[in-house]
Amino acid sequence: MNAPSNRPSAEGEKQEQPMKQHCEHHAECIKKIQAILDGEATESEKEHFRLNMDKCMPCIQSYHLEKCIKEALHNKVLRKPCPDDLLAVIKAKVNS
Amino acid sequence: MPFIKYYLSVSGTVLKFVVVSIPMSVVMSEAIIKEGYTDDQRYEIFNREFMPHIDSMYNFAFRLTTDEDDANDLVQDTYLKAFRFISSFEQGTNAKAWLFRILKNSFINDYRKKSKEPSKVDYQEVETTYNSEEAADTNYTVDLRADAVQDLIGDEVATALNALPVDFRTVIILCDIEGFTYEEMAKILDIPIGTVRSRLHRARNLLKEKLKNYASSMGYDA
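Residues numbered from 1 in each chain as written. Chains lettered and ligands numbered in written order. Predicted model: local features only at pLDDT ≥ 70, side-chain atom pairs only at ≥ 80, totals over all residues.

### Examining the overall build of chain B
- Along the backbone of chain B there are 12 helices and 0 strands.
- Going residue by residue from the N terminus, the α and β elements of chain B occur as α-α-α-α-α-α-α-α-α-α-α-α.
- Within chain B, the proportion of its 222 residues that are buried is 34%.
- Here the contacts in chain B between residues at least 6 apart in sequence split such that 69% fall between residues at least 24 apart. (Helix = DSSP H or I, 4+ residues; strand = E, 2+ residues; numbered from the N terminus. Buried ≥ 20, exposed ≤ 12 C-beta atoms within 10 Å, placed from the backbone. Contact = placed C-beta atoms within 7 Å.)

### Thoughts on the domain arrangement of chain B
Residue and element names in this part refer to chain B.
- Along its sequence, chain B is carved into domain 1 (24-111) and domain 2 (122-217).
- Across the contact, 10 residues belong to domain 1 and 11 residues belong to domain 2.
- When contributions to the side of domain 1 that touches domain 2 are tallied by element, the ones reaching two or more residues are α3 (54-65) and α5 (95-111).
- Each residue belonging to the side of domain 1 that touches domain 2 can be placed in one class, and the counts come to 4 nonpolar, 3 polar and 3 charged. (Domains from an automatic or database assignment. Nonpolar A, V, L, I, M, F, W, Y, C, P; charged D, E, K, R; others polar.)

### Overview of the interface of chain A and chain B
- Every contact between the two is made by 28 residues of chain A and, on the other side, 40 residues of chain B.
- Put simply, the parts of the chain that give the side of chain A that touches chain B at least two residues each are α2 (26-37), α4 (57-75) and α5 (84-95) of chain A.

### Details of the packing of α2 of chain A against helix α12 (residues 193-217) of chain B
- In contact at an axis separation of 10 Å, α2 of chain A and α12 of chain B are set at 105 degrees when each is read in the N-to-C sense. Looking at the two axes, α2 of chain A sits roughly perpendicular to α12 of chain B. Listed contacts from α12 of chain B to K31, Q34 and A35 of chain A of α2 of chain A are R197, L200, H201 and R204 of chain B.
- Of the residues that constitute the contact of α2 of chain A with α12 of chain B, the class distribution is 2 nonpolar, 2 polar and 3 charged. (Axes fitted to C-alpha atoms, helices over the stretch in contact; angles between N-to-C directions. Parallel < 35°, antiparallel > 145°, perpendicular 65-115°, else oblique.)

### Some words on α2 of chain A
- The end-to-end C-alpha distance of α2 of chain A is 16 Å, a good match for the 16 Å that 12 residues give at a rise of 1.5 Å each.
- Buried within α2 of chain A are the following residues: C29, I30, K32, I33 and Q34 of chain A.
- On its buried face, α2 of chain A sits against α3 (43-52) and α4 of chain A together with α12 of chain B.
- Positive backbone phi, approximately 70 degrees, marks G39 of chain A, located one or two places after α2 of chain A. (Expected span 1.5 Å × (residues − 1).)

### Structural notes on unusual backbone geometry
Residues and elements named next belong to chain B.
- With a phi close to 55 degrees, T66 is a non-glycine residue in the positive phi region.
- Mapping T66 onto the fold places it in the loop between α3 and α4 (68-84).
- In this structure T66 comes out as partly exposed when scored by C-beta crowding, with 18 C-beta atoms within 10 Å.
- Within the chain, D190 stands out as a residue other than glycine whose phi angle is a positive 60 degrees.
- Of note, D190 is situated in the loop between α11 (182-189) and α12.

### Section: the environment of L74 of chain B
All names here are of chain B.
- One can find L74 in helix α4.
- Along the primary structure L74 and D110 are separated by 36 residues, whereas in three dimensions their C-alpha atoms are 8.7 Å apart.
- Not counting residues up to four positions away in its chain, the partners in contact with L74 are A61, T65, L103, S106, F107 and Y111.

### Examining the packing of α11 of chain B against α12 of chain B
Residue and element names in this part refer to chain B.
- In the contact formed by α11 and α12, the axes pass within 8 Å of each other and the chain directions differ by 100 degrees. Classified by the angle between their axes, α11 and α12 sit roughly perpendicular to one another. Facing Y182, E183, M185, A186 and L189 of α11, the residues of α12 in contact are I193, V196 and R197.

### A word on the confidence of the model for chain B
Residue and element names in this part refer to chain B.
- Averaged over all residues, the pLDDT of chain B is 79; the fraction at 70 or higher stands at 69%.
- Averaged pLDDT values over the elements of chain B bottom out at 42 in helix α7 (residues 134-137) and peak at 97 in α11.
- Contacts for the low-pLDDT stretch residues 1-34, under 50 throughout, to residues beyond four places or in other chains number 32 contacts.
- For residues 132-139, every residue scores under 50 in pLDDT, and the model assigns this stretch 5 contacts once sequence neighbours within four places are set aside.
- The ipTM, which scores confidence in the relative placement of chains, is 0.80 for this predicted complex, and the corresponding pTM is 0.77. (pLDDT = per-residue confidence, 0-100.)

### Here's the deal with the environment of R42 of chain B
Residues and elements named next belong to chain B.
- Its place among the elements puts R42 in helix α2 (residues 39-50).
- Assessed through the 16 C-beta atoms surrounding it within 10 Å, R42 is described here as partly exposed.
- If we ignore the near neighbours within four places in the chain, the residues touching R42 are Y37 and I86.

Laid out in structure tokens, this is it:
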């Protein structure tokens, strides 16, 4: 029974386990990460993300990559506005 | 309206309603009200609900067709169809998703056939390829770094996007450029939400490969 009294500090240290450098289910993790970034994750996915996100280097890197790609698509890709002449044609045809 | 779902199928002049779980008398009165739009109401709905989305619609059309003339024709056809079938649009519902759905159907029915891409089903080919590599896909990652993506310019990202087969390109446009929810995308594309999710995942894997090519060409050691 004495042994457990020493445990807390040992476990405290144990929490600082080395960061995982390999993710054995990375494809599934990427799907979850994408759902999180899309604002479409389920509660259990959010919970899994919250508990594990800072423990796995490939997943951390994937999170940043997926976020960058999503932001690049949204912010960098030029949005083509509707040409004025097309707008005029549509209005004219609808009103004819 | 609760309890009512209208499914608009625009294919030529065919307009189809499927009504779910609602007494016929209510359906009839609803239909009468809808058919009863006056001309003024039709123009008012068109201008208030549909026209604000014309830039997004044009952008979607351009990203689908990758051609300005085709995008012009597609947007014009879509808006004229939307006006013709305006009685089936329920005010207060999601006009943007409704319009995108018509545009997507018009694209499949009218434009995809004549586009320069190998006739349709490139999606299925890619899908099959990916499915056959399902085991490999388990650990499939593209070796690409976030800072390499940050250094890409918009044209490079757009070119990578345009290089995707159209069905994969479509889900990325709808989700990441237009910001539709999975549920809205499922309605626009007529596919289950689970398929939206898996198709997005595959589309993004393909996009990462394309982006990696640009990153490598810029000298990033990915």
